[in-house]
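Survey of secondary and tertiary structure
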Amino acid sequence: MTVFGNETIIKNIVECENAAEGDIMDKLKLHDRLEQALNNVSKTSTFLDQFYGLNYSFSDGTCSIEFEVEDFMLNPISYLHGGISAFVLDSAMGYLCNKEMGAPTVTAEMKVQYMKGVSSGKLTCVAQFLKKGRRISYVESRIMDAAGNVLTHATATFLTVK
């Protein structure tokens, strides 16, 4: 198994970006973003949290994530990529479960509904419990635009790992 260092990962991603048609993001910005994300990974913040610029907060049994839609997050038809939306929805629910349950949790299943596309702006994702159990919990999350319009909605089942 070959293990790549941070510089090799960054070089490979930038080379892929250079080969892509319609160069969207400035290469130096991408390089800096990747390097910052790789250097700031911790037990409370993953590489993808850092790379996508996710800002987490908790209050009153909810987890909120704020982030700005950027060009590199868009799909080929210029809307926020569904996989990124699903990642943010799942992350909000997962961080909420981990914090509230006091033990690690994992996603057992998740359903995502895409209601409206978005190409730019600041978005907020809010997760809350539908039913909290000792071992199994049911959670929902929504991504909303600045006007409060629901863009994406998810429900999920989380298992507490003991």
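Refer to the structure above for everything that follows.
Here we summarise the structure given alongside this text. Numbers given to residues run from 1 along each chain, matching the order in which its sequence is written. Residue-level local features of this predicted model are given only where pLDDT is at least 70; pairs of side-chain atoms are given and counted only at 80 or more, and the full residue set underlies all totals for whole chains, interfaces and linings. Water and hydrogen atoms play no part in the side-chain values, which are based on all heavy atoms of the structure.

Some words on helix 2 (residues 27–39)
Residues spaced three or four apart along an α-helix face the same direction, because each turn holds 3.6 residues. Here is the rule we go by: The secondary structure listing takes helices from DSSP runs of H or I that are at least 4 residues long and strands from runs of E that are at least 2 residues long, numbered from the N terminus. Expected span of a helix, by definition, is 1.5 Å for each gap between consecutive residues, and there is one gap fewer than residues. Only protein chains enter the accessibility calculation, which uses a 1.4 Å probe; a residue whose area is less than 20% of its type maximum is buried, one above 50% is exposed, and one in between is partly exposed. Comment: arc refers to directions from the helix axis out to C-beta atoms.
The terminal C-alpha atoms of helix 2 lie 18 Å apart, and with 13 residues this matches the ideal 18 Å at 1.5 Å per residue to within 8%. Turning to helix 2, its buried residues are K27, L30, R33, L34 and A37. Down the axis, helix 2 shows its buried residues gathered within 125° of arc, on one side only. Those residues of helix 2 that are exposed and angled more than 90 degrees off the buried face are L28 and N39.

Digging into the nonpolar core
Threshold: What makes a nonpolar core is a set of buried Ala, Val, Leu, Ile, Met, Phe, Trp, Tyr and Cys residues whose side-chain atoms join them at distances within 4.5 Å.
In terms of nonpolar packing, the biggest core is built from 32 residues, with F67, L80, V88 and L123 touching the most fellow members. Broken down by element, the residue count for this core peaks at nine residues, all from helix 4 (residues 82–101).

Things to note about the packing of aromatic side chains
Applied cut-off: The criterion for an aromatic pair is that two Phe, Tyr or Trp rings (for Trp, the six-membered ring) have centres within 6.5 Å, with stacked assigned to planes under 30 degrees apart, edge-to-face to planes over 60 apart and tilted to the rest. The criterion for a charge sitting over a ring is simple: Lys NZ or Arg CZ within 6 Å of the ring centre, and within 35 degrees of the ring normal.
Tallying each qualifying case throughout the model produces six aromatic pairs. Pairing F47 with F51 gives two aromatic rings, centres 5.8 Å apart and planes at 15°, and the pair type is stacked. Linking F47 with F51, this pair stays in helix 3 (residues 47–52), spanning four residues, or about one helical turn. Take F47: its relative accessible area is 26%, and that puts it in the partly exposed class. Taken together, the ring pairs in this structure connect F47, F51, Y52, F72 and F87 into an aromatic cluster. Geometry around F58 places K99 over its ring, the cationic atom sitting 5.3 Å from the centre. Taking NZ or CZ as reference, K132 lies 4.9 Å from the ring centre of F129, over its face.

Some thoughts on a nonpolar patch on the surface
Note the following rule: Patches here: salt-bridge-free residues with over 30% relative accessible area, like charges joined within 9 Å, nonpolar side chains (Val, Leu, Ile, Met, Phe, Trp, Tyr) joined within 5 Å. To be clear on the numbers: accessible area is Shrake-Rupley with a 1.4 Å probe, and residue cover counts the displayed protein chains and nothing else. For this analysis, a salt bridge means a side-chain nitrogen from Lys or Arg found within 4 Å of a carboxyl oxygen belonging to Asp or Glu.
A cluster of nonpolar side chains, contributed by L130, I136 and Y138, occupies part of the molecular surface with about 270 Å² of accessible area. With respect to the secondary-structure elements, I136 resides in strand 5 (residues 136–144). The exposure class assigned to I136 is partly exposed, which follows from its relative accessible area of 36%.

Digging into the environment of D49
Basically, it comes down to this: Counted as a polar contact is a pair of N or O atoms within 3.5 Å, where, for protein atoms, one must be capable of donating a hydrogen and the other of accepting one, and residues adjacent in sequence contribute only when both atoms are in side chains.
If you trace the backbone, D49 turns up in helix 3. When its relative accessible area of 2% is taken as the criterion, D49 is described as buried. Remark: the alpha-carbon pair of D49 and F67, spanning 18 residues in sequence, is separated by 9.8 Å. For D49, the side chain forms a polar contact with the side chain of Y95, separated by 2.5 Å.

A word on the sheet that holds strand 3 (residues 105–114)
In sheet architecture, strand pairing relies on hydrogen bonds along the backbone and comes in two forms, parallel and antiparallel. Rule in force here: One bridge is not enough; two strands pair if DSSP finds at least two bridges between them. A fitted line through C-alpha atoms serves as each axis, taken over the contacting stretch for helices, and the angle formed by two N-to-C directions is quoted from 0 to 180°. Contacts are residue-level and defined by heavy atoms, with any inter-residue pair within 4.5 Å sufficient.
Ordered by their spatial adjacency, six strands build an open sheet running 1-2-4-5-6-3, and the pairing between neighbours is antiparallel. Looking at which strands have only one partner, the edges of the open sheet turn out to be strand 1 (55–59) and strand 3. Pairwise comparison of adjacent strand axes, ignoring direction, gives a mean angle of 20° for this sheet. Across seven bridges, the pairing between strand 4 (residues 121–131) and strand 5 is antiparallel. Within strand 5, the position partnered with A127 by the bridge is S141. Packed onto the sheet, helix 4 meets strand 1, strand 2 (62–69), strand 3, strand 4, strand 5 and strand 6 (150–160) and runs at close to 140° relative to strand 3.

Let's talk about the layout of surface pockets
So the rule is basically this: Points on a 1 Å grid, built from protein atoms alone, make a cavity when a 1.4 Å probe fits but cannot get out and make a pocket when they are open with protein on both sides within 12 Å along at least 5 of 7 lines; residues with an atom within 4 Å of a point are the lining residues. Grid points are joined across faces, edges and corners, and a volume is the space filled by probe spheres set on the points. Gly falls in the polar group here, along with every residue not listed as nonpolar (Ala, Val, Leu, Ile, Met, Phe, Trp, Tyr, Cys, Pro) or charged (Asp, Glu, Lys, Arg).
Considered as a void within the structure, the second largest pocket measures approximately 170 Å³ in volume. In this structure, the second largest pocket is lined by 13 residues; those nearest its centre are D90, S91, G94, Y95 and N98. Taken together, the elements giving at least two residues each to the lining of the second largest pocket come down to helix 3, helix 4 and strand 3. Here the lining of the second largest pocket gets six residues from one element, more than from any other, and that element is helix 4. Within the lining of the second largest pocket, the residues separate by chemical class into five nonpolar, six polar and two charged.

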